[in-house]
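Residues per chain, in single letters:
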Amino acid sequence: MALGKPRREGIDNPAQKSHCTLIRNVFRLVGREVEGSTLIGSDVAIEGVSKSFGDFRALNNVSLTIQKGEFFSLLGPSGCGKTTLLRIIAGFESPDDGAVTFDGNDVLGLPPNRRQANTVFQNYALFPHLSVFENVAFPLRLRKLPRSQADSQVKEYLRLVQLEAHAHKKPNQLSGGQKQRVAIARALINKPRVLLLDEPLSALDAKLRQHMLIELDQIHDKIGITFIYVTHDQQEALSVSDHIAVMDQGDVLQVGTPHEIYESPATNFVARFIGETNLYDGKVLGVNKLPHVETEYMVELEIAELGRVKVTTVDEVKPGQKVNFTVRPEKIMITTDKPASKREDINHFQGTVDEPIYSGFQTKFYVKVNDTAMIRVIKQHANYSDEGPDIVWKDSVYLSWSANDGYILGIKE
Ligand SMILES: Nc1ncnc2c1ncn2[C@@H]1O[C@H](COP(=O)(O)OP(=O)(O)O)[C@@H](O)[C@H]1O
Ligand SMILES: [Mg+2]
């Protein structure tokens, strides 16, 4: 997903219409017809899907709705059930309970090759003795498509993944990224409505991963089918997805846009798993309704390690309630001079730099406050400084952040 890319929600959305036009044009270009004006991917719905292996419950009543043409990611730590869910969607595994539908049609009775979904695996699974061309042609040869027709389609898909010049090579003459592109072309050539990708980039080094991710996103934009992408890497998921489902131990904890997942995590686990954060136990001291805002409250919390913290929330909380409080490191301002602002909604703390970690474009500071709390702060180096870092180890510093930038989650009784 690129910044400013049209959202794919709602057929009356003008942005989506222009997206459809773009896709139709691309398909005309490659000599193919697309019926109607809708995206050619499928809606995928997962309803109450559970799966156990012996006594172990790998998926726990999972429900998700994935819209046609979306780039949808399943994100979670290793072992949380992502591959199991993907294999159930693909048809390699059956759920114990629940339903899976493509465009409203039950697919659980169908074998993988009749589901109009195709999978790209982490290990590429190419045929080593076949050329790039024949690897991509393989699904068409199986269908006994006339050779001239098949060959022109193979060329089209090799062009899509920019491998025309390597058509004659064998897989062992290709780089990791090129092998992955062959696997993608082969998965796409049967024109599936859903492409399932299971950690497809995890075997590549970091630089190449970034590059392939952008390519994948561009391919997705061009062909307009539904992508369901499994990853344990939050950066990958945040940068390309239209929506993300965050999973842990067989449960879906939150589904949202990358922005929603990052800025409004639904649980402590999501807050910790996505990006870095400061997370504390707190108790509600007081609640005030904010004037002029329909549902927002200004809350004062008591946090044992920190003291009093002001935070806004849309949730109704009561004095005495126990909650969790989180604030992202990049939302906290760090200065050596005392901030001049006297605004009521700004939190101020004083501390000492315990550890500065410089990484060129930014520095991460661990700041000790009250001898009891360690607050992480990230400062971007937006301006050039030729006098070296302005905040160093052992410096006495001021931290401040707006009540709007903190977040209450995990409300307990
Ligand atoms: N065929 C199987 N037999 C037994 N346990 C399995 C099987 N497949 C997966 N599991 C278990 O289910 C859990 C989820 O696995 P998986 O879906 O592969 O997780 P992920 O892809 O998120 O890393 C893991 O604990 C794994 O060991
Ligand atoms: Mg997996």
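Worth saying up front: this structure is predicted, and the values here are computed from it rather than measured.

Draft legend 1. The pairing of strand S18 (residues 373-380), seen in detail. In this sheet, S18 lies alongside strand S17 (residues 362-369) in antiparallel orientation, the contact comprising 8 bridges. Among the inter-strand pairings, Tyr366 is bridged to a residue of S18, identified as Arg376. The turn joining S17 and S18, which pair antiparallel and follow one another in sequence, is formed by 3 residues; a positive phi near 60 degrees is taken by Asn370.

Draft legend 2. Up close: the nonpolar core. Among the nonpolar cores identified, the biggest contains 71 residues, and Ile89, Val136, Tyr157, Ala185, Leu195, Ile228 and Val246 are the most heavily contacted of them. Here the element with the most residues in this core is helix H5 (residues 176-188); it accounts for 6 residues. Dropping the residues within four chain positions of it, Tyr157 is found in contact with Val136, Ala185, Leu188 and Ile189. Formed by 22 residues, the second largest nonpolar core is a distinct cluster that contains Val299, Leu306, Ile375 and Leu399.

Draft legend 3. A look at the site of ligand 1. Contacts to ligand 1 come from Phe53, Phe56, Ala58, Gly76, Ser78, Gly79, Cys80, Gly81, Lys82, Thr83 and Thr84. For the shell around ligand 1, the secondary structure elements donating two or more residues are strand S2 (56-66) and helix H2 (82-90). Counting residues per element, the shell around ligand 1 draws most heavily on H2, at 3 residues. Per-class residue counts for the shell around ligand 1 are 4 nonpolar, 6 polar and 1 charged.

Draft legend 4. Layout of the sheet that holds strand S13 (residues 307-313). In space, the 5 strands of this open sheet follow the order S13-S12-S11-S14-S20, with antiparallel pairing throughout. The sheet terminates laterally at S13 and strand S20 (406-409), the two strands that pair on one side only. For this sheet, the mean angle separating the axes of adjacent strands, direction not counted, is 45 degrees. Note that strand S11 (residues 278-289) and strand S14 (residues 322-327) share 6 bridges and pair antiparallel. Bridge assignment links Asn278 to a residue of S14, and that residue is Val327.

Draft legend 5. Just the sheet that holds strand S4 (residues 97-102), in detail. The strand order S2-S1-S4-S5 describes an open sheet built from 4 strands, whose pairing is antiparallel. Looking along the sheet, the strands with just one partner apiece sit at the ends: S2 and strand S5 (105-106). Relative to S2, strand S1 (residues 44-53) runs antiparallel, the two being bridged by 7 bridges. Looking at S2, one finds that Val49 is bridged to Val62.

Draft legend 6. Structural context of the domain arrangement of the protein. Under the domain assignment used here, the protein contains domain 1 (14-116 + 192-271) and domain 2 (276-409). Taken over C-alpha atoms, the centre of domain 1 sits 35 Å from the centre of domain 2. Across the contact, 6 residues belong to domain 1 and 6 residues belong to domain 2. In the side of domain 1 that touches domain 2, the residues fall into 3 nonpolar, 3 polar and no charged.

Draft legend 7. Inspection of the packing of helix H3 (residues 132-142) against helix H4 (residues 147-160) at higher detail. Taken N-terminus to C-terminus, the directions of H3 and H4 make an angle of 130 degrees; their axes are 9 Å apart at the nearest point. Classified by the angle their axes make, H3 and H4 are oblique. For the pair H3 and H4, the sense of crossing is right-handed. Of the residues in H4, those touching H3 at Phe133, Val136, Ala137, Leu140 and Arg141 are Ala150, Gln153, Val154, Tyr157 and Leu158.

Draft legend 8. Spotlight on the environment of Asp106. Of note, Asp106 is situated in strand S5. In the structure, Asp106 is positioned 61 residues away from Ala45 in sequence and 9.4 Å away in space, judged by C-alpha atoms. For Asp106, the contacting residues outside a window of four places in its chain are Ala99 and Thr101.

Draft legend 9. Fine view of H3. Those residues of H3 that sit buried are Val132, Phe133, Asn135, Val136, Ala137, Pro139 and Leu140. Packed against the buried residues of H3 are H4 and H5. Just beyond H3, the residue with positive phi is Lys144, at close to 55 degrees.

What counts, and at which threshold
Residues numbered from 1 in each chain as written. Chains lettered and ligands numbered in written order. Predicted model: local features only at pLDDT ≥ 70, side-chain atom pairs only at ≥ 80, totals over all residues. Pairing = 2+ DSSP bridges. Helix = DSSP H or I, 4+ residues; strand = E, 2+ residues; numbered from the N terminus. Core = buried A, V, L, I, M, F, W, Y, C linked by C-beta atoms within 7 Å. Buried ≥ 20, exposed ≤ 12 C-beta atoms within 10 Å, placed from the backbone. Contact = placed C-beta atoms within 7 Å. Near = placed C-beta within 6 Å. Nonpolar A, V, L, I, M, F, W, Y, C, P; charged D, E, K, R; others polar. Axes fitted to C-alpha atoms, helices over the stretch in contact; angles between N-to-C directions. Domains from an automatic or database assignment. Parallel < 35°, antiparallel > 145°, perpendicular 65-115°, else oblique. Left-handed = near helix turned anticlockwise from the far one by under 90°.

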